Amino acid sequence: MKHIVTVQEAVTAFADWIEPTNAELDAIEQEMPAITAGVDLLSTQIITLDRTPSELDAQRIRRAWRRLLTARRELANRAELDGVGA
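Worth saying up front: this structure is predicted, and the values here are computed from it rather than measured.

Q: Before we go on, may I ask you to explain the side chain of Thr48 in this structure?
A: Relative to the elements of secondary structure, Thr48 occurs in the loop between helix H1 (22-47) and helix H2 (55-81). There is a polar contact of 2.8 Å between the side chain of Thr48 and the backbone oxygen of Gln45. Discounting chain neighbours no more than four positions away, the residues touching Thr48 are Pro53, Asp57 and Ile61.

Q: What's the story with the pattern of salt bridges in this structure? I'm lost.
A: For side chains bearing opposite charge, pairing can occur when the charged atoms are close. All chains considered together, the criterion is met by three salt bridges. Arg51 serves as the salt-bridge partner of Asp57, at 2.9 Å between the closest nitrogen and oxygen. Among the residues examined, Asp57 registers a relative accessible area of 5% and is labelled buried. Between Asp57 and Arg60 there is a salt bridge; the shortest N-O distance is 3.5 Å.

Q: How do you make sense of the packing of H1 against H2 when you look at a structure like this?
A: When two helices pack together, you describe them by how their axes are tilted relative to each other and by the distance separating the axes. Orientation of H1 relative to H2, taken along the N-to-C sense of each, is 165°, at an axis distance of 9 Å. What the angle tells us is that H1 and H2 run roughly antiparallel. The hand of the H1/H2 crossing is left-handed. Across the interface between the two elements, Gln30, Glu31, Pro33, Ala34, Ala37, Gly38, Asp40, Leu41, Thr44 and Gln45 of H1 pack against Arg60, Ile61, Ala64, Trp65, Arg67, Leu68, Ala71, Arg72, Leu75 and Arg78 of H2. Tallied by class, the residues present in the contact of H1 with H2 amount to ten nonpolar, four polar and six charged.

Q: Would you mind showing me how to read H2 here?
A: For an α-helix, the turn length of 3.6 residues means that residues three or four places apart are oriented alike. A rise of 1.5 Å per residue sets the reference length of H2, with its 27 residues, at 39 Å; its end C-alpha atoms lie 39 Å apart and thus fit the reference within 8%. Turning to H2, its buried residues number three or more, namely Asp57, Ala64, Leu68 and Ala71. Buried residues in H2 make contact with H1.

Q: Before we go on, may I ask you to explain a nonpolar patch on the surface in this structure?
A: A cluster of nonpolar residues, Leu25, Ile28, Met32, Ile35 and Val39, forms a patch on the protein surface that exposes about 400 Å² of accessible area. With respect to the helices, strands and loops of the structure, Ile28 is situated in helix H1.

Each value, and the rule that gives it
The numbers attached to residues start from 1 for each chain and follow its sequence in the written order. In keeping with the model being predicted, local features are shown solely for residues with a pLDDT of at least 70 and side-chain atom pairs are shown and tallied solely at 80 or more, while totals for entire chains, interfaces and linings include all residues. Calculation of side-chain values draws on the structure's entire complement of heavy atoms; hydrogens and water are dropped beforehand. A run of H or I in DSSP counts as a helix once it spans at least four residues, and a run of E counts as a strand once it spans at least two, with each numbered from the N terminus. Identification of polar contacts relies on pairs of N or O atoms within 3.5 Å, with a donor-acceptor requirement for protein atoms, meaning one able to donate a hydrogen and the other able to accept it, and with residues adjacent in sequence counted only if both atoms are side-chain atoms. Throughout, a contact is declared for two residues whenever any of their heavy atoms are within 4.5 Å. A carboxyl oxygen of Asp or Glu within 4 Å of a side-chain nitrogen of Lys or Arg is what we treat as a salt bridge. Between buried and exposed lies partly exposed: a residue is buried under 20% and exposed over 50% of the maximum accessible area for its type, with that area taken using a 1.4 Å probe on protein chains only. The convention used is that axes are lines fitted to C-alpha atoms, helices contributing only their stretch in contact, and that angles between N-to-C directions extend from 0 to 180 degrees. To sort the angles, those under 35 degrees are grouped as roughly parallel, those over 145 as roughly antiparallel, those from 65 to 115 as roughly perpendicular, and the leftovers as oblique. Crossings are classed by handedness, with left-handed meaning an anticlockwise turn of the near helix from the far one by less than a right angle and right-handed meaning a clockwise turn. Residues were grouped as follows: Ala, Val, Leu, Ile, Met, Phe, Trp, Tyr, Cys and Pro as nonpolar; Asp, Glu, Lys and Arg as charged; and all remaining residues, including Gly, as polar. In a helix, the anticipated span is given by 1.5 Å times the number of residues less one. Residues enter patches when they are more than 30% accessible in relative terms and free of salt bridges; like-charged ones are connected within 9 Å and nonpolar ones (Val, Leu, Ile, Met, Phe, Trp, Tyr) within 5 Å. A 1.4 Å probe and the Shrake-Rupley method give the accessible areas. Residues count as covered only by the protein chains that appear here.

Honestly, it's all geometry; don't read function into it.
Laid out in structure tokens, this is it:
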């Protein structure tokens, strides 16, 4: 049996010297409300995959969608105020 090996490290993204910078961590923290709202929307959509959505399910999805849009709007407005956005 022949073994196939690589010359380089299999995954360089997990090397000890590769870590996010403080600026990248700050950007992630600022985007966290939008990320969380997106995960919540996805969770509510996943719940309805194996059944016919009820009116309550549809209401939960709409509410989660509105929270996501609000978080994205606030993020975009903050970026414009900071001079980052176009």
